[in-house]
Amino acid sequence: MTTTTPALQLLLAAQAPLAARAQQQNAPEWLTESETARLAGMQHPARRQEFIACRYALRHQLAMARGTTPDHWRLDAPEGRAPHLNAQHHGDEAAAATHLSLSHSGAWLACAAAPHPVGIDLEVKDLHASRRDVLALAGMACTPGELAQLQALDDGPARQRHFLQIWSLKEAYFKCTGTGVDFAAIRRIECQPAGLPSQGQVLAHASAWHGATGGGHAVLLSVCVLGPGGLPPCSLQVDADVAWQDEGDWRLVALPG
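Along each chain, residue indices are assigned from 1 in the same order as the chain's sequence is written. Since the coordinates come from a predicted model, pLDDT governs what is reported: local features require at least 70, and pairs of side-chain atoms require 80 or more to be given and counted, while whole-chain, interface and lining totals use all residues. Water and hydrogen atoms play no part in the side-chain values, which are based on all heavy atoms of the structure.

Caption draft 1: The state of the cysteines, seen in detail. To count as a disulfide, a pair of cysteine sulfur atoms needs to be within 2.5 Å. Counting across every chain of the model gives zero disulfides. Cysteine Cys 111 shares no disulfide, and the gap to the nearest cysteine sulfur, in Cys 54, comes to 7.8 Å. The rule is simple: take the accessible area with a 1.4 Å probe, protein chains only, and divide by the maximum for that residue type; under 20% is buried, over 50% is exposed, in between is partly exposed. Residue classification places Cys 111 among the buried residues on the basis of a relative accessible area of 0%. Free cysteine: Cys 191, not disulfide-bonded; nearest cysteine sulfur from Cys 142 at 7.9 Å. You can call Cys 191 buried: its relative accessible area is 6%.

Pasting the structure below:
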């Protein structure tokens, strides 16, 4: 565990308790105009609760890191882009130096805050009940080396979890770039353990974790940052009933050709 102040703040939490906490803070009164407009377009109650929980989670995370209250933070909600600090309220310098990312899956959510572009992805799945053809999906999303790794595993939960780990790392990378998943490029980007020599051009650095919920669902979490400097000091807060294991650090590498 680092003794310096973590520059990369991560939070994994169950949605329902955060939504309840948000309501205690008079949600949605603290939402900004752009967030309110997004919320108004959501008709399904569960989707509205998810949106409020995610927006509160970001504020809660920023408040813990900066020693403020959650309602101090004003966030813009551009359609199709990551949330960001409202520059008019917090100033251009703070807005430019604070990068945010959100992900949600099932009844869970994850968020990240960092001084550099960051992407986070969360996958919560019942691997034993899944009927997905993992190799068919891998053919659209994996490099030949990654596909060979999957083929070497028995068809079942272990193969599905390894595919989800690869997918989650790549999803986090594309969130980091702000492009959305690029299926024209995804099969040329390989997830390689950071401890091994890189084979190709290093695009980004990432960390991954896996665990299981109290209900037996698999949880995979990935965070990615751009640039050659590697991951900054990282703090992961797990505000949920999850048995957790570190999957280590990774590189996302552009393969030659």
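Caption draft 2: Structural view of the nonpolar core. Put simply, buried Ala, Val, Leu, Ile, Met, Phe, Trp, Tyr and Cys residues joined by side-chain atoms within 4.5 Å make one nonpolar core. One finds Leu 18, Trp 30 and Leu 62 to be the most contacted residues of the largest nonpolar core, which totals 28 residues. Segments assigned H or I by DSSP are reported as helices when at least four residues long, segments assigned E as strands when at least two residues long, and all are numbered from the N terminus. Elements supplying a minimum of two residues to this core: strand E1 (8-14), helix H1 (15-24), helix H3 (45-66), strand E4 (99-105) and strand E5 (108-114). When residues in this core are grouped by element, the largest group, nine residues, is from H3. Only heavy atoms matter for contacts: two residues are in contact if any of them lie within 4.5 Å across the pair. Ignoring anything within four residues of it in the chain, the contact list for Trp 30 reads Ala 22, Gln 25, Ile 52, Arg 55, Tyr 56, Arg 59 and Arg 74.

Caption draft 3: Local environment of the layout of surface pockets. With a 1 Å grid laid over protein atoms only, a set of points is called a cavity when a 1.4 Å probe fits there but cannot get out and a pocket when it is open yet has protein on both sides within 12 Å along at least five of seven lines; lining residues have an atom within 4 Å of a point. Grid points are joined across faces, edges and corners, and a volume is the space filled by probe spheres set on the points. Here the largest pocket is characterised by a volume of approximately 800 Å³. Lining the largest pocket are 30 residues, with Gly 80, Arg 81, Ala 82, Pro 83 and Leu 102 sitting closest to its centre. Broken down by element, the residue count for the lining of the largest pocket peaks at six residues, all from E4. For the lining of the largest pocket, a count of residues per class yields eleven nonpolar, eleven polar and eight charged. Three classes are used, and their members are as follows: Ala, Val, Leu, Ile, Met, Phe, Trp, Tyr, Cys and Pro are nonpolar, Asp, Glu, Lys and Arg are charged, and the others, Gly among them, are polar.

Caption draft 4: Structural context of the pattern of salt bridges. A pair is scored as a salt bridge if a Lys or Arg side-chain nitrogen falls within 4 Å of a carboxyl oxygen belonging to Asp or Glu. Under the counting rule described, the total for this entry stands at seven salt bridges. The partner of Arg 59 in a salt bridge is Glu 35, and the shortest N-O contact between them spans 2.7 Å. A residue pair is termed long-range when its members are at least 10 positions apart, and Arg 59 in helix H3 and Glu 35 in helix H2 (residues 33-40) qualify at 24 residues. With a relative accessible area of 0%, Arg 59 lands in the buried category. Under the relative-accessibility criterion, Glu 35 is labelled buried at 0%. The partner of Arg 159 in a salt bridge is Asp 155, and the shortest N-O contact between them spans 3.8 Å. For Arg 159, a relative accessible area of 10% puts it in the buried group. For Asp 155, a relative accessible area of 66% gives the class exposed. The network of salt bridges with shared partners includes Glu 35, Arg 55 and Arg 59.

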